[in-house]
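Coordinate inspection notes
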Amino acid sequence: MNRRENLKLLFAGSLASGLLLTHCSPKDKVEDYSPRIAGGTPGARTAEEIAYDQRLLSEVFFTDEERKKLHVLVDIIMPAGENGVSATDVEVPDFIEFMMKDYPPFQTPMRGGLMWLDNYSDDTYGKKFLALSESQRMEVIELIAWPDKAPAELAGAVNFFNILRNLTCTGYFTTEKGFQYMGYKGNIPNVWDGVPDEVLKRHGFEYPEKYKDLYLKPEERGTVAQWDEEGNLIG
């Protein structure tokens, strides 16, 4: 089982008790927030909340250099695969950019972690993180991706990567592509074709034989029933 599949299973489990983070997805900045029903919006956002979102979206947290590293890192965590697109394909960096401003306590560990990547890479390989080969980048990530195995002196970097991994998974699996990859269906309409015959018999009931050809069938949903003048169901 690869890294992508592991994260998929972890996130699927989190749906039972709530998402890893319950904030906006990358698509929120292009969503139509106009109310569809009285007193509410598609995302149940009030006018004040919409104004707050728009203010955060107008601000910039990451520098261009940090943004380049972020793109590399989120695609290491959620790369494109046979059954799914990459984290950058579903705009996870935009989601993380939003979260940095929506939840400021993320800012210091995130910025510090991105700086640590360059400092460690420079000390170890003589060049910045983005200049490393793919295998060298993975050597660095392997050091901080496993909290139980990581050296104690790298606790700060491990915390950074934990935050980044959680944000990446939350951003990824709250998109349409993420749901499709996970196989999450959400609430979908069911087809009910009446009480099963064995249950009716257990309680001493049965459907009247004369109506069996007239009962609602799943394939006929949407067809309005008809009664005669005496109230008998006729079609």
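You'll find the structure just up there.
The written sequence of each chain sets the order in which its residues are numbered from 1. For this predicted model, a pLDDT threshold of at least 70 governs which residues receive local features, and a threshold of 80 or more governs which side-chain atom pairs are given and counted, while totals over whole chains, interfaces and linings are taken from all residues. The basis for every side-chain value is the complete set of heavy atoms in the structure, and neither hydrogens nor water enter the calculation.

1. Examining the overall build of the chain
The test is simple: Each helix is a run of DSSP H or I of at least 4 residues and each strand a run of E of at least 2, with the numbering of both proceeding from the N terminus. Only protein chains enter the accessibility calculation, which uses a 1.4 Å probe; a residue is then buried when its area is under 20% of its type maximum, exposed when over 50%, and partly exposed in between. Residue exposure ignores everything except the shown protein chains as possible cover, and the areas themselves are Shrake-Rupley values with a 1.4 Å probe.
The helix and strand inventory of the chain stands at nine helices and zero strands. Within the chain, the fraction of its 235 residues that count as buried is 34%. Just so you have it, the chain exposes about 14800 Å², and 53% of that area is on carbon and sulfur atoms.

2. As for the nonpolar core
Rules: Each nonpolar core is a collection of buried residues, namely Ala, Val, Leu, Ile, Met, Phe, Trp, Tyr and Cys, held together in the definition by side-chain atoms within 4.5 Å. Contact criterion: two residues are considered in contact whenever any of their non-hydrogen atoms come within 4.5 Å of each other.
Among the nonpolar cores identified, the biggest contains 43 residues, and Ile 96, Met 110, Leu 117, Ile 144, Phe 160, Leu 164 and Leu 167 are the most heavily contacted of them. Listing elements by their share of this core, those giving two or more residues are helix H3 (64-77), helix H4 (92-102), helix H5 (107-125), helix H6 (134-144), helix H7 (155-173) and helix H8 (176-182). Discounting chain neighbours no more than four positions away, the residues touching Ile 144 are Trp 116, Leu 117, Leu 154, Ala 157, Val 158, Phe 160 and Phe 161.

3. Focus on the packing of aromatic side chains
Geometry of an aromatic ring pair is reported as the spacing of the ring centres plus the angle between the planes. So the rule is basically this: Only Phe, Tyr and Trp rings take part, Trp by its six-membered ring, and two of them pair if their centres are within 6.5 Å. Stacked means planes under 30 degrees apart, edge-to-face means over 60, and tilted covers everything else.
Evaluation of the coordinates by the stated rule reveals six aromatic pairs. Each ring, one from Phe 173 and one from Tyr 181, has its centre 6.4 Å from the other, and the planes form 20 degrees; the classification is stacked. For Phe 173, a relative accessible area of 0% translates into the label buried. In this structure Tyr 181 comes out as buried when scored by relative accessible area, which is 6%.

4. Describing the packing of H3 against H4
How we decide: To define axes, lines are fitted to C-alpha atoms, for helices over the stretch in contact only, and angles between the resulting N-to-C directions are given on a 0 to 180 degree scale. An angle counts as roughly parallel when it lies under 35 degrees, as roughly antiparallel when it exceeds 145, as roughly perpendicular when it falls between 65 and 115, and as oblique in every other case. Helix crossings get a hand from a simple test, with the near helix turned counterclockwise from the far one by less than a right angle marking a left-handed crossing and a clockwise turn marking a right-handed one.
The N-to-C vectors of H3 and H4 enclose an angle of 120 degrees; their axes lie 10 Å apart at closest approach. Judged on the interaxial angle alone, H4 and H3 are oblique. Like other packed secondary-structure pairs, H3 and H4 cross with a definite hand, here right-handed. Residues Arg 67, Leu 70, His 71 and Val 74 of H3 lie in contact with H4, whose contacting residues are Val 92, Pro 93, Asp 94, Ile 96 and Glu 97.

5. Considering H5
Quick reminder of the rule: To estimate the expected span of a helix, subtract one from its residue number and multiply by 1.5 Å.
Between the first and last C-alpha of H5 there are 27 Å, a value that for 19 residues agrees with the 27 Å anticipated at 1.5 Å per step. Along H5, the residues classified as buried are Met 110, Gly 113, Leu 114, Trp 116, Leu 117, Asp 118 and Ser 121. Contacts made by the buried residues of H5 are with H3, H4, H6 and H7.

6. Notes on the environment of Phe 98
Within the fold, Phe 98 resides in helix H4. Residue class for Phe 98 comes out buried when judged on its relative accessible area of 6%. Between the alpha carbons of Phe 98 and Val 60 there is a distance of 8.6 Å; along the sequence they are 38 residues apart.

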